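Understanding the architecture of this molecule
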Amino acid sequence: MTRLTRPRFRLYTLVWLALLVSPMAQAAPLSIAQLMAGLAKHPQGAATFTETKTISILDQPIESSGELLFIAPARLEKRTLKPKPETMVLDGDTLTLERGRRKHVLQLKDYPEVAAMIESIRATLAGDRKSLERVYHLALDGGQERWTLMLTPLDPKVGAIVARIRIEGARDVVRSVAILQADGDRSLMTIEQSAPQR
């Protein structure tokens, strides 16, 4: 029995030592200030997205895909190409929605719950900590290679609609945005950065 336990003990010791000296174990935690500074270095960017929405009253999730364009500090465009063309443009505090021949122009101040969801993406892409902290409590986990930013609404009225938002990324790139609504409905947007133009 001693012969069986010694090799196992050595194996466990080697695994433990490998974890101890691995880059992941040694990676310094990322601060919110560092994350925001890194994100703010990119005044504009283009990406493609795939979004899955799970809604309780529907049997199947709704999937869509398209393009994102961000121009700091306040312009965010979401162009859905599939399954149906749709455009959402946020410029300052004005939100313009177009689908087919229909066009709606909204002021975000009149729709604080919608504003909170959109601002979570726009302010994160801009590295705008102040705007985020006006609406959310921020909690960051992870390091440069992989981080998770949790946003919890400060306003109970917003919290009645949005339970929390989880934004994940690597270094200064946002990879996904997951929104959990208070009623249990949720969405997950995965983002793929477009190659920079030369």
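Residues numbered from 1 in each chain as written. Predicted model: local features only at pLDDT ≥ 70, side-chain atom pairs only at ≥ 80, totals over all residues. Heavy atoms only, no water.

1. Considering the overall build of the chain
Scanning the chain from N- to C-terminus turns up 6 helices and 11 strands. For the chain, buried positions account for 31% of its 198 residues. Counting only carbon and sulfur atoms, one obtains 56% of the accessible surface of the chain, whose full area is about 13,400 Å². (Helix = DSSP H or I, 4+ residues; strand = E, 2+ residues; numbered from the N terminus. Buried < 20%, exposed > 50% of the residue type's maximum accessible area, 1.4 Å probe, protein only. Areas by Shrake-Rupley, 256 points an atom, 1.4 Å probe, with all protein chains shown as cover.)

2. Describing unusual backbone geometry
Residue Pro-73 follows Ala-72 across a cis peptide bond; omega there is 5°. Phi is positive for Arg-171, which is not a glycine, with a value near 55°. Take Arg-171: it is sitting in the loop between β9 (162-170) and β10 (173-181). Accessibility expressed as a relative area gives 47% for Arg-171, which makes it partly exposed.

3. As for the sheet that holds strand β8 (residues 146-153)
Taken together, the 11 strands give an open sheet; going across it, the order is β6-β5-β4-β3-β2-β1-β11-β10-β9-β8-β7, and neighbouring strands pair in antiparallel fashion. Sheet topology places β6 (102-107) and β7 (136-143) at the edges, where each strand pairs with a single neighbour. The mean angle between the axes of side-by-side strands here comes to 15°, regardless of whether they run parallel or antiparallel. Bridge count for strand β2 (residues 62-71) against strand β3 (residues 75-82) is 7 bridges, and the pairing is antiparallel. In the strand pairing of β3, Leu-69 is matched with Glu-77. (Pairing = 2+ DSSP bridges. Axes fitted to C-alpha atoms, helices over the stretch in contact; angles between N-to-C directions.)

4. Overview of the side chain of Glu-51
With respect to the secondary-structure elements, Glu-51 resides in strand β1 (residues 44-54). Reaching out from Glu-51, the side chain makes a polar contact with the side chain of Lys-78 at a distance of 2.7 Å. If we skip the residues at most four places from it in the chain, Glu-51 touches Ile-62, Glu-63, Ser-64, Lys-78, Ser-187, Leu-188 and Met-189. (Polar contact = N/O pair within 3.5 Å; in protein donor to acceptor, adjacent residues only side chain to side chain. Contact = heavy atoms within 4.5 Å.)

5. Digging into the nonpolar core
Leu-132, Leu-149, Leu-151, Ile-165, Ile-167 and Val-177 are the most contacted members of the largest nonpolar core, which has 36 residues in total. Each residue touching Leu-149, except ones within four places of it in the same chain, is listed here: Leu-35, Met-36, Thr-124, Leu-132, Leu-138, Ala-139, Leu-140, Ile-165, Arg-166 and Ile-167. (Core = buried A, V, L, I, M, F, W, Y, C linked by side-chain atoms within 4.5 Å.)

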